[in-house]
Amino acid sequence: MSVDTDTNALSAAVEETAGLVAGDLALGATGAAYNPWSPEAPTGPAAASGARAWSAQLLGPLGPCGEISIILAPQASVPGEGRIASALATAIAPLGPVCSADHIGELQRCEAQTLVQGRDCELAVAVPILTAQEEIGLVVVAVSGAQPTAELPHLDPSPGPAAGPRSIAALGDVEMTVSVELGRTKIPIKDLLGIHNGAVVQLDRSVASPVDIFVHGTLIARGEVVVVDECFAVRVTELLTGD
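Residues numbered from 1 in each chain as written. Predicted model: local features only at pLDDT ≥ 70, side-chain atom pairs only at ≥ 80, totals over all residues. Heavy atoms only, no water.

Peer 1: Can you help me understand the nonpolar core in this one?
Peer 2: The nonpolar side chains of a soluble globular protein tend to be buried with one another. In this structure, Leu58, Ile70, Leu95 and Val141 are the most contacted members of the largest nonpolar core, which totals 34 residues. Broken down by secondary-structure element, the contributors of at least two residues to this core are helix H1 (3-24), strand E2 (52-60), strand E3 (63-72), helix H2 (81-90), strand E6 (122-131) and strand E7 (134-144). Counting residues per element, this core draws most heavily on H1, which supplies six residues. Dropping the residues within four chain positions of it, Leu95 is found in contact with Ala13, Val14, Thr17, Leu58, Ser100, Ala101 and Val141. Formed by 12 residues, the second largest nonpolar core is a distinct cluster that contains Ala46, Ile71, Leu115 and Val140. (Core = buried A, V, L, I, M, F, W, Y, C linked by side-chain atoms within 4.5 Å. Buried < 20%, exposed > 50% of the residue type's maximum accessible area, 1.4 Å probe, protein only. Helix = DSSP H or I, 4+ residues; strand = E, 2+ residues; numbered from the N terminus. Contact = heavy atoms within 4.5 Å.)

Peer 1: Can you walk me through the sheet that holds strand E10 (residues 218-228) in this structure?
Peer 2: The strands that make up a sheet pair up through hydrogen bonds in the backbone, lying either parallel or antiparallel. With antiparallel pairing, four strands are arranged side by side in an open sheet as E8-E9-E10-E11. Since the sheet does not close on itself, it has two edges, and those belong to strand E8 (178-181) and strand E11 (231-239), each with one partner. Sheet twist, expressed as the average angle between the axes of neighbouring strands with direction ignored, equals 40 degrees. Two strands pair when backbone bridges link them, and E8 and strand E9 (residues 211-215) are joined in this way by four bridges, in the antiparallel orientation. Directly across from Val178, in E9, lies its bridge partner Val215. (Pairing = 2+ DSSP bridges. Axes fitted to C-alpha atoms, helices over the stretch in contact; angles between N-to-C directions.)

Set out below in structure tokens:
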């Protein structure tokens with residue numbers, strides 16, 4: 001397969017992925033894909049002062065195979081990090097055929113500018129997120145152009161497997177990010193722009209419905225909200241097992 005064909009296939013996959021991410025986060029519509037590392041590429045939200053960005057490794061059966069990132073301009077509505085991780089994790093299905101990714105690693109904050117700076121032996125595709133023709137966000141996917149083990153300089157590399165057997169107890173002190181989602185909703189952009197202090201946004205669940213519990217963007221359980229020592233907490237009522 002030629003480089004041109006690889007780029008075309010990657011562009012189509014990233015456009016589909018970005019559309020899913022933007023829809024899940026209710027950010028807006030998406031534009032056409034382009035190479036963010038090209039000298040002719042638009043500056044976009046990555047160059048804006050106060051832009052925020054998150055990245056996660058793309059992982060597959062052979063290990064890391066790239067990264068998926070999202071950049072949001074200062075004026076964009078920023079969902080919670082748990083929701084961003086969930087959206088990126090559930091939207092990468094179109095990338096599987098072009099880079100063998102089937103899940104993502106830990107979501108990490110990063111500098112927006114690093115995502116639009118070229119790196120050797122990698123291909124990158126960016127898809128803008130638009131609101132009223134204004135570019136408020138960017139989904140960037142970078143994959144290795146040589147082998148499915150892209151090294152991402154602004155992310156901490158995962159340690160390789162050590163020789164010999166390893167006990168699960170060695171992971172006992174590893175911290176995991178747990179997030180709880182009360183619900184979601186979709187509203188027209190005109191209503192989104194009209195949100196102000198004191199506005200009420202109705203979610204898609206009743207007060208009696210359980211909340212979703214995510215670990216690094218993966219749904220693992222459901223529960224009910226309780227109060228412990230004047231702090232919110234969640235009582236687990238249902239554990240979800242994967243295949």
